[in-house]
Amino acid sequence: MSAGGQEVDRFAVRRARYANGTEEAGRLMARLTALDRVAVLGRDRLPSADLALIEDLLGHAETRMGTAGRHTVVALAGATGGGKSSLFNVLTGLRLADTGVRRPTTRTTLACAWDPEGAAPLLDLLGIEPVRRVARHGSLDARRGGGMPAGLVLLDLPDHDSLDLAHRSEVDAVVAVADHIVWVLDPQKYADAIVHDRYLRPLRHHGHTMTVVLNHADRLPPGDLAACLTDVRMLLAADGLAEVRVLATSSETGLGIAELRRVVLAAAGSGEASVTRLGADLDALTERLEPWFAGEGPGADAFTAEDRDALVDGLCDAAGVAVVATAAGAGLRTPRGPLSGRRVRRPAVRPEPVQVHRAEQAIRRAGTRLTRGLPAPWAGGLHRVLAQGLRGLPAEVDAVPAEAVPKAAAPTAGARAAVGVQWVGVVAVPVGLAGAGSAWTGVPVGRWFGLSVPWWVVIAGLVVLTVGVWLGRRAARVAAARRTAEVAAVLRSRVAATADRLLVGPAEAEAARYREAHGCFLAAREPMRPEGVGEGARSGDVTGASPT
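The residue numbering used here restarts from 1 in each chain and proceeds along that chain's sequence as written. The model is predicted, so local features are restricted to residues of pLDDT at least 70 and side-chain atom pairs to those at 80 or more, both for listing and for counting; the totals for chains, interfaces and linings are taken over all residues. In computing side-chain values, all of the structure's heavy atoms are included and hydrogens and water are not.

Visitor: What should I look at first to understand the overall build of the protein in this one?
Guide: In this description a helix means any DSSP run of H or I spanning at least four residues, a strand means any run of E spanning at least two, and both kinds are numbered starting from the N terminus. Secondary structure assignment for the protein yields 18 helices and nine strands. Counting contacts in the protein only where the partners sit at least 6 residues apart, residues at least 24 apart contribute 79% of the total. With residues, only the protein chains shown are counted as cover, and all accessible areas are computed by Shrake-Rupley using a 1.4 Å probe. Element-wise, carbon and sulfur atoms account for 58% of the exposed surface of the protein, whose accessible area totals about 25600 Å². We call two residues in contact when some of their heavy atoms are within 4.5 Å.

Visitor: Quick question: what am I supposed to make of the packing of helix 12 (residues 305–319) against helix 14 (residues 356–370) here?
Guide: Two numbers describe a pair of packed helices, the interaxial angle and the distance between the axes. Structural elements are reduced to axes, namely lines fitted to C-alpha atoms, with helices fitted over the stretch in contact, and the angle between N-to-C directions of any two is expressed from 0 to 180 degrees. Two numbers describe how helix 12 lies on helix 14: the axes approach to 8 Å, and their chain directions differ by 170°. Classified by the angle their axes make, helix 12 and helix 14 are roughly antiparallel. Contacts from D307, A310, L311, G314, L315, D317 and A318 in helix 12 reach R358, A359, A362, I363, A366 and R369 in helix 14. Roughly parallel means an angle under 35 degrees; roughly antiparallel, over 145; roughly perpendicular, 65 to 115; everything else is oblique.

Visitor: Mind showing me how you'd approach helix 12 here?
Guide: Since the α-helix turns once every 3.6 residues, residues separated by three or four places project in the same direction. Helices are assigned an expected span. That span is 1.5 Å times one less than the residue count. If you check helix 12, its first and last C-alpha atoms are 21 Å apart, about what 15 residues at 1.5 Å a residue would give, namely 21 Å. Looking at the residues trailing helix 12, positive phi occurs at G320, about 70°.

Visitor: Please clarify how the pattern of salt bridges should be interpreted in this entry.
Guide: Salt bridge, as used here, is a side-chain nitrogen of Lys or Arg placed within 4 Å of a carboxyl oxygen of Asp or Glu. Scanning all chains against the criterion turns up 24 salt bridges. A salt bridge links R37 to E516; its shortest N-O distance comes to 2.8 Å. Here R37 is found in helix 2 (residues 23–42), whereas its partner E516 is found in helix 17 (residues 453–525), with 479 residues between them in sequence. Residue burial is assigned from relative accessible area. The probe radius is 1.4 Å, only protein chains are included, and a residue is buried under 20% of its type maximum, exposed over 50%, and partly exposed in between. Looking at R37, the relative accessible area reads 24%, which means it is partly exposed. Notably, a salt bridge pairs D307 with R369, separated by 3.0 Å at the nearest N-O pair. Remark: R369 occurs in helix 14 and D307 occurs in helix 12; sequence separation between them is 62 residues.

Visitor: Would you mind going over the pairing of strand 6 (residues 210–214) with me for this structure?
Guide: Each regular strand carries side chains that alternate between the two faces of the sheet. Across the five residues of strand 6, five count as buried, placing the element largely inside the fold. Residue alternation in strand 6 divides its side chains into two sets, M210, V212 and L214 and T211 and V213, and both sets are buried. If DSSP finds at least two bridges between two strands, the strands pair. Note that strand 5 (residues 180–185) and strand 6 share five bridges and pair parallel. Directly across from L185, in strand 6, lies its bridge partner L214. Note that strand 6 and strand 7 (residues 245–248) share four bridges and pair parallel. Counted as the bridge partner of L214 is A248 from strand 7. By convention, orient the strands away from the viewer: a clockwise path from the first strand over the helix to the second makes the crossover right-handed. For the crossover from strand 6 across helix 9 (residues 222–238) to strand 7, the handedness is right-handed.

Visitor: What am I meant to see in a nonpolar patch on the surface here?
Guide: Together, W448, F449 and V453 give the surface a local cluster of nonpolar side chains, amounting to about 370 Å² of exposed area. With respect to the helices and strands, the residue V453 is situated in helix 17. Of the residues examined, V453 reaches a relative accessible area of 37% and is grouped as partly exposed. For patch detection, residues must exceed 30% relative accessible area and be free of salt bridges, and they are connected within 9 Å for like charges or within 5 Å for nonpolar side chains (Val, Leu, Ile, Met, Phe, Trp, Tyr).

Visitor: Would you take a moment to explain the packing of helix 3 (residues 48–66) against helix 11 (residues 273–289) for this structure?
Guide: Running from N to C, helix 3 and helix 11 point in directions that differ by 170°, and their axes come no closer than 11 Å. When the interaxial angle is binned, helix 3 and helix 11 end up roughly antiparallel. For the pair helix 3 and helix 11, the contacting residues are A49, D50, L53, I54, L57, H60, A61, R64 and M65 in the first and S274, V275, L278, D281, L282, L285, R288 and L289 in the second. Classification convention: Asp, Glu, Lys, Arg as charged; Ala, Val, Leu, Ile, Met, Phe, Trp, Tyr, Cys, Pro as nonpolar; all other residues, Gly among them, as polar. Residue composition of the contact of helix 3 with helix 11, grouped by class: eleven nonpolar, two polar and four charged.

Visitor: Even after reading the chapter, I still don't get helix 2, so can you show me in this structure?
Guide: Counted at 1.5 Å a residue, the expected span for helix 2 with its 20 residues is 28 Å, and the 28 Å between its end C-alpha atoms agrees. Taking burial as the measure, the 20 residues of helix 2 include 15 buried ones, the bulk of the element. Phi turns positive one or two residues past the end of helix 2, at D44, with a value near 65°.

Visitor: Quick question: what am I supposed to make of the environment of A489 here?
Guide: Topologically, A489 is positioned in helix 17. Sequence separation between A489 and A322 is 167 residues, and the spatial gap between their C-alpha atoms is 9.9 Å.

Visitor: Just checking my understanding: could you explain the packing of aromatic side chains for this structure?
Guide: Aromatic ring pairs are described here by two measures, namely the spacing of the ring centres and the angle between the planes. Stacked, tilted and edge-to-face are the three classes assigned to paired rings of Phe, Tyr and Trp, where Trp is represented by its six-membered ring and a pair needs centres within 6.5 Å; plane angles under 30 degrees give stacked, over 60 edge-to-face, the rest tilted. Applying the stated rule across the entire model yields five aromatic pairs. Plain terms: the ring middles of F293 and F521 are 4.5 Å apart, the flat faces sit at 10° to each other, and that makes the pair stacked. Residue F293 is found in the loop between helix 11 and helix 12, and its partner F521 is found in helix 17; the two are separated by 228 residues along the sequence. Each of the two residues, F293 as well as F521, counts as buried. An aromatic cluster is built from F293, W378, Y514 and F521, whose rings are joined through pairwise contacts.

Visitor: Would you mind going over the pairing of strand 2 (residues 110–114) with me for this structure?
Guide: Strand 2 sits mainly inside the fold: five of its five residues count as buried. Here strand 2 shows a buried face lined by L110, C112 and W114 and a second buried face lined by A111 and A113. Of the strand pairs in this sheet, strand 2 and strand 4 (residues 152–156) are connected by four bridges, and their pairing is antiparallel. Bridge assignment links L110 to a residue of strand 4, and that residue is D156. Relative to strand 3 (residues 133–136), strand 2 is paired through four bridges, and the arrangement is parallel. Residue pairing across strands places W114 opposite R136, the latter belonging to strand 3.

Right under this line is the structure:
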């Protein structure tokens, strides 16, 4: 991240520089870029320890590829008495490292660099003291050094089993970054748990960046040598390193030295050993991150229409939308009739505050559906954004003003007609009664089917009045139901809009964040296809027999 908070593509320049490079270098840059994006998306989601490891690897890769990127660091590592220094002297063609019976003989790392000027920044990065650096250049050095390529940096490390913790720390630091490691094992100590548990097994992804040498092979009878080599291969296979090349060497007789020199030449000659090493580091790290991106992420999809509707329904229930809508329908003003006049009542927009526990249950149900099958860090992130939305939800919903309830529509024609029918009946009944009273006073009136016409008018008025009342009540019920549905729809849309802003939107953004991180992780996990040294390592073991 930059100081202004903008995301910075730290590998943009490197990608441009390696655009015309090898396929492996280009693939490595793409993987590192994807991992960098994983770190950005995983911030506050992935465990802090894993984020720190990602940042360490990205920082180291950026530094390593920017520091003598075409140089190759080959380190000779091993236990006390394994013969690292003797092999170092043979490979360099000079007596540079001290050897002898007093052990340990290597106290600090000794470096021999071909093209020393170009290797200086790399040696500084490795922390090699200037007094422990030896330069190789010129025709004499090339002849004595067996024609090693420019760009090779050969290291003789302290003993990894030294009682001096500083020696062990120095070995750990170099082993963590060396482009190619030659493990020098002694026939009497090749099964030592220290080298297998502390180094080889944790480096099981780095088989293409390592060679195992069984040194002092001249001290073993031919039959015992073959048995030891078989045993070493079995131990390496148990460590997950079945593809590692195994050599038998002797600096005294020259056994296997030519093959070892070819290994070093292959590692340094391509100039891509650092790419292979960084690719192996990526393999190891992405394996550690695998649980946080397991599977295709079922449940990481955005809210479906059904999920959103279920959430909104639950929130409407918690907000009492049905109560408000029913009150609005019950208080609907209808046309005032002689027998069906209704008193106008202002509906209660918010009869009570939002029931937070019900809202929380609805949100929890939605979160459970969304996070089903989602890795824990990302599920936790989604639950956090939903919980954050819940905190602001009650105030938002309670703040819906009374004006949010739409004004009631004018009475329908049917309701007005029902009132008119009622008035016809109300007028007809007294008119008929008046006529009947006039008949009692001797006023002549007509008769119809044996009953005087005024009484027929009264009966008709009563029937019309009854029908009018029934029609009025029916119209009122229909209008109240329509009003209830209208208010419920408006309030539900307000609740849905609030839910979209506080819950659905953030949850969809979190789901999209995981999907992008998952895709970037898959790109970062893409396996390298080792060439050169790796291909040689897979082609079979070489025991070696020819002297230099």
